[in-house]
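Here is what each chain is made of, one letter per residue.
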Amino acid sequence: MPMTKQLLESIPNLRDLASYPCAYGEMTKGLIYRSSSPYFASDEDLKRLKEEIGIRSVLDLRGEISNQRNPSPFINDPEVYWRLFNIPKGEVIPTDGDDIPSWYMSFIAEPTAMRPIFREILNAPKPLLFHCEAGKDRTGTVALILELLNGVSKEDVCRDYNLSFDGRLDVVEKRTKSFYPELPEFFFHPPVDAIARFVDAFLERYGDARQYLEAMGLSDSEIDALANIFGVQEVSAGAVVFHKDYVLVEHMKLGHYSMPKGHVEESDGGLTETARREILEETGLEVDFMPGFEKVTVYSPKPGHIKRVHWFVAEARSKEAKPQPEEVSEIYFLSPADALRVLSHDDDRRVCSDACFFYFDE
């Protein structure tokens, strides 16, 4: 079979995961990629991966042993957020091609291994790349679960998996066989129906991808966000605002308690300027930002949308706040303990807690 044209020739199996219709229409491209290991990549392709494709995060699913043997080129790269994960049984080869579905089921079943992978897919800076050795088994199952969660059909999920065997991994197969000639042929060319049988076994055990992630220990809000991760991308910025020893909390017109934040506008001069403008609009307060703190929360405000909120720490110059009448009912300066009790959303409470530790340590 002729080799398929590669995005980057020395990083086989590199492709955008957003290639199929999903529950909310078309996926947003350029966010999440999958590939084989970039260990053998040329310097030119590594540069293109960062500068042209824009990769900011790399999740390495190969585990400690493989990374010690062939260290990732991103381990010490200050421009790329890199994390290494070990998937149990990921390097244990099944005895027969018919065992591939049960093999896959065995290495996606460990919550302590899989939960952090999906959390990093959600929270790590985008664009993001995840990979294993060949980018077909461990990478293939993680991709498949993410696609199913976003409403990609079984047919398209299987079609995407089988792209790994259309010739694009020929160079990986040749290289791997030179090191491990005893590997069986089905390892490189599994039975055509193997992935469909895995999907059937996955759905029989877990019901659907949402219930699978619940079993792995992810929260409802995390699963909602992952289920819309390829949706319309929204970016907001806000701040945990302090005045002396007190934290600003807004009682919003919609009924929940929150902290000031809002959408980035083209006229803003950066994320902190978005936060400054939103604080002034919502509270009437002038603030000064404290350097060294930035947290990001990710959630889905509605189906087909994903929002990333960049949070900073700021000090108000006074307590004389004026609620924005269209959005804010009341503004309070509360003790940190009371603020944490009152805030409506878990993500806000986590950010507020981190900000308090930062603020009072300064």
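For the structure, see preceding data.
Model, not experiment: these values are computed from the prediction. (Residues numbered from 1 in each chain as written. Predicted model: local features only at pLDDT ≥ 70, side-chain atom pairs only at ≥ 80, totals over all residues. Heavy atoms only, no water.)

### Here's the deal with the overall build of the chain
Along the backbone of the chain there are 14 helices and 15 strands. Taken along its principal axes, the extent of the C-alpha atoms in the chain is 75 × 45 × 35 Å. Sorting the 362 residues of the chain into buried and exposed places 52% on the buried side. For the chain, the proportion of contacts with a sequence separation of at least 24, taken over those separated by at least 6, is 73%. Charge centroids of the chain, computed over 41 positive and 62 negative side chains, lie 1 Å from each other. (Helix = DSSP H or I, 4+ residues; strand = E, 2+ residues; numbered from the N terminus. Buried < 20%, exposed > 50% of the residue type's maximum accessible area, 1.4 Å probe, protein only. Contact = heavy atoms within 4.5 Å. Lys, Arg positive; Asp, Glu negative; His and termini not counted. Charge placed at Lys NZ, Arg CZ, Asp CG, Glu CD.)

### What to know about the packing of helix H4 (residues 111-123) against helix H10 (residues 209-216)
Running from amino to carboxyl end, H4 crosses H10 at an angle of 115°, the nearest separation of the two axes being 9 Å. Residues Pro111, Met114, Arg115 and Phe118 of H4 lie in contact with H10, whose contacting residues are Tyr212, Leu213, Ala215 and Met216. Residues that form the contact of H4 with H10 fall into these classes: 7 nonpolar, no polar and 1 charged. (Axes fitted to C-alpha atoms, helices over the stretch in contact; angles between N-to-C directions. Nonpolar A, V, L, I, M, F, W, Y, C, P; charged D, E, K, R; others polar.)

### Quick word on the side chain of glutamate 120
Relative to the helices and strands, glutamate 120 resides in helix H4. Within polar-contact distance, the side chain of glutamate 120 engages the side chain of tyrosine 81 at 2.7 Å. Ignoring any residue separated from it by four or fewer positions in sequence, one finds glutamate 120 in contact with Leu59, Tyr81, Arg83, Phe85 and Leu128. (Polar contact = N/O pair within 3.5 Å; in protein donor to acceptor, adjacent residues only side chain to side chain.)

### Description of the packing of aromatic side chains
For any pair of aromatic rings, the description consists of the separation of the ring centres together with the inter-plane angle of the planes. Throughout the structure, instances matching the rule amount to 19 aromatic pairs. Judged by centre distance (6.0 Å) and plane angle (85°), the ring pair of phenylalanine 242 and phenylalanine 360 falls under edge-to-face. Here phenylalanine 242 is found in strand E8 (residues 232-243), whereas its partner phenylalanine 360 is found in helix H14 (residues 346-361), with 118 residues between them in sequence. Overall, phenylalanine 242 belongs to the buried group, its relative accessible area being 0%. Linked through ring pairs, Trp103, Tyr104, Phe107, Phe118, Tyr161, Phe165, Phe187, Phe188, Phe198, Phe202, Tyr206 and Tyr212 together constitute an aromatic cluster. In this structure, arginine 175 is placed above the aromatic ring of phenylalanine 40, and the distance from its NZ or CZ to the ring centre is 3.7 Å. The residue whose ring lies beneath lysine 319 is tyrosine 246, and the NZ or CZ to ring-centre distance is 5.2 Å. (Phe/Tyr/Trp six-rings, centres within 6.5 Å; stacked < 30°, edge-to-face > 60°. Lys NZ or Arg CZ within 6 Å of the ring centre and 35° of its normal.)

### Here's the deal with unusual backbone geometry
The phi torsion of most residues other than glycine is negative, and most of the peptide bonds are trans. Cis rather than trans, the peptide bond between lysine 126 and proline 127 has omega equal to 0°. Among the secondary structure elements, proline 127 is positioned in the loop between H4 and strand E7 (128-131). Despite not being glycine, asparagine 13 has its phi angle at roughly 70°, a positive value. Within the element layout of this structure, asparagine 13 appears in the segment before strand E1 (15-16).

In short, the description is geometric, and any link to function would need to be established separately.
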